[in-house]
Each structure stands twice: as structure tokens, then as C-alpha cells.
Protein chains: 2
Amino acid sequence: MEKVNLNQKFGLFNEYWSPKIAGELNGQQVKLAKLHGEFVWHKHDAEDELFFVTKGTLKMEFRDKTITIEENEFLIVPRGVEHRPVAIEEVWLMLFEPASTLNTGDTASDLTKNELDWI
Amino acid sequence: MEKVNLNQKFGLFNEYWSPKIAGELNGQQVKLAKLHGEFVWHKHDAEDELFFVTKGTLKMEFRDKTITIEENEFLIVPRGVEHRPVAIEEVWLMLFEPASTLNTGDTASDLTKNELDWI
């Protein structure tokens, strides 16, 4: 049992769109990711996803609107809802979601990460 | 679907040891709590619990050690492990745990909250 310091963990990697696992509980995982640019449109058929921004501004695009998530804010995207994260400048993100969640959901992409590393 | 701003939510209540529900996903809940003083020793037999400190310093006591959690750090306490949160000064805490989790676990106390409000 060890505590996790977010800034220390974010200092360990620089790749964008490559979530790292920072914790696991009750079948869910805590993942840390750095984002920059536009991701792919996708949805998760069976998983709700929580996006907590610790640095920067994340624009979460939906088909009918965009929600802007600032530092110290979170958004829960329910299962089945198409979304696309856009980070005009670098964003540091903490995710809570089931361990089974694939980053690109139902959209196969060069950005798809099938195996995530622990950090 | 609405984003949650932690500081705005923490501004809405002042009670200590009274978690409020700020989000729900995959059978889990995000809870916000303000802590001050010493809580009761307890454990959760079937639930792991994540403690993320957004303000202040939380001392998590275990039977054999104490882990100090600072702002922007989290600790996952596995099910079955006795623990006691201690906040010498006010702490703002975000919890991530199953919706079924009772704040005092297996210890009935005046601090037990059977019904939590959404915030």
C-alpha cells in the first residue's frame, strides 16, 4: 500500500494519448494520461468514464455540444455516448473507469492501446 | 451530463465527516468530504477505498504505520484493512468507492451516515 503523488507520476512520462495505470480498486482503474491535440471519436458500450483534469483545459466534444473541463473539474461520460477529447494545449488527466476500458472504445485506431503499463 | 468543479462543490457545505455524492459511474460513487479531527477505526470487508486529498494533509493511520497524504496525492486502502483518518487541520477529500460503502464501515458510531445527499 503506497500513496500516489500525481505530479511525481506525471513527471515520469511524456507520451500523449498513452494512459498509464496508477491504481486499481473494485475492478476499476485509475489511469493517468497526457493529452495534446485531437483524439478520435469513440464510445464505450459498457463503461462509464470519469475525466478529472489536473492541468490544462480539456474540451470534450459530443455530437451536439462541447463541455470544457478546467483544472480541478471532472466530467463523467456515460456509456454509449460518443465523445472526442480535444486538448489545444497539453492536458494532464486522471481517469477512473473499469479495468476493461479500451482508450479508443469502439473505434480501432493507431491510437488504440491494448496493453497499458503501470506507472 | 454536467461537469463538477470541486472547489465550487466544497463551497456548498461545511460539515465535517459527512460525505456528499458528487458523481456515480459503474456502480461506484465519487464523494466529497471535509475532515477535521480524528475519525473512528474501521474497515470495509468488501470494498476498496480511494482517498484523494485536494486540500490539506490527511494522516491515514493503520495498526502498524501511518501514511501521510498531501494535496494532489491519493491512497487506495484495500478491503479488510483497518484504518483511521486523522486531519489535524481541515482536509478536503475526494473519495472513489462502491456506492454501497458506509463511511464507518464495520464500526457503528455517531459518525455513521446511512444516507448521503447528492451535492
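Summarised in this report is the structure supplied together with it.

The rules behind the values
- Residues numbered from 1 in each chain as written.
- Chains lettered and ligands numbered in written order.
- Predicted model: local features only at pLDDT ≥ 70, side-chain atom pairs only at ≥ 80, totals over all residues.
- Contact = placed C-beta atoms within 7 Å.
- Helix = DSSP H or I, 4+ residues; strand = E, 2+ residues; numbered from the N terminus.
- Nonpolar A, V, L, I, M, F, W, Y, C, P; charged D, E, K, R; others polar.
- Pairing = 2+ DSSP bridges.
- Buried ≥ 20, exposed ≤ 12 C-beta atoms within 10 Å, placed from the backbone.
- Least-squares fit on C-alpha atoms with pLDDT ≥ 70 in both.

This part covers the interface of chain B and chain A. Of the residues lining the interface, 24 residues belong to chain B; the matching set on chain A comes to 23 residues. Mapped onto the side of chain B that touches chain A, the elements with two or more residues apiece are β1 (4–5), α1 (6–10), β2 (20–25), β3 (28–38), β6 (66–69), β7 (73–77) and β8 (84–98) of chain B. Element by element, the count of residues in the side of chain B that touches chain A is highest for β7 of chain B, at four residues. In terms of residue class, the side of chain B that touches chain A is built from 14 nonpolar, six polar and four charged. Alignment of strand β7 (residues 73–77) of chain A against β1 of chain B, held across two bridges, turns out to be antiparallel. In the strand pairing of β1 of chain B, Phe74 of chain A is matched with Val4 of chain B.

With that out of the way, let us pick up the pairing of β7 of chain B. For β7 of chain B, a buried count of five out of five residues is recorded, marking the element as mostly surrounded by other parts of the structure. The two faces of β7 of chain B match: Glu73, Leu75 and Val77 of chain B on one face and Phe74 and Ile76 of chain B on the other face are all buried.

On to the relation of the copies chain B and chain A. Superposition record for chain B on chain A: RMSD 0.0 Å, screw rotation 180°, translation along axis 0.0 Å. With respect to symmetry, the two chain copies, as superposed, fit the operation of a two-fold axis. Looking at chain B, 96% of its interface residues are interface residues in chain A too, so the copies touch through the same face.

Further remarks concern the environment of Gly105 of chain B. Residue and element names in this part refer to chain B. Along the chain, the position of Gly105 falls in the segment after β8. Sequence separation between Gly105 and Lys43 is 62 residues, and the spatial gap between their C-alpha atoms is 5.2 Å. Excluding residues within four positions of it along the chain, Gly105 makes contact with His42, Lys43 and His44.

So, on to the pairing of strand β5 (residues 58–61) of chain A. Residue and element names in this part refer to chain A. Side chains Leu58 and Met60 of β5 all project onto a buried face; the interleaved residues Lys59 and Glu61 project onto a face where none is buried. For β5 and strand β6 (residues 66–69), the ladder comprises four bridges, and the chain directions are antiparallel. Pairing of Met60 across the sheet is with Ile67, part of β6. Between the antiparallel neighbours β5 and β6 lie four residues.

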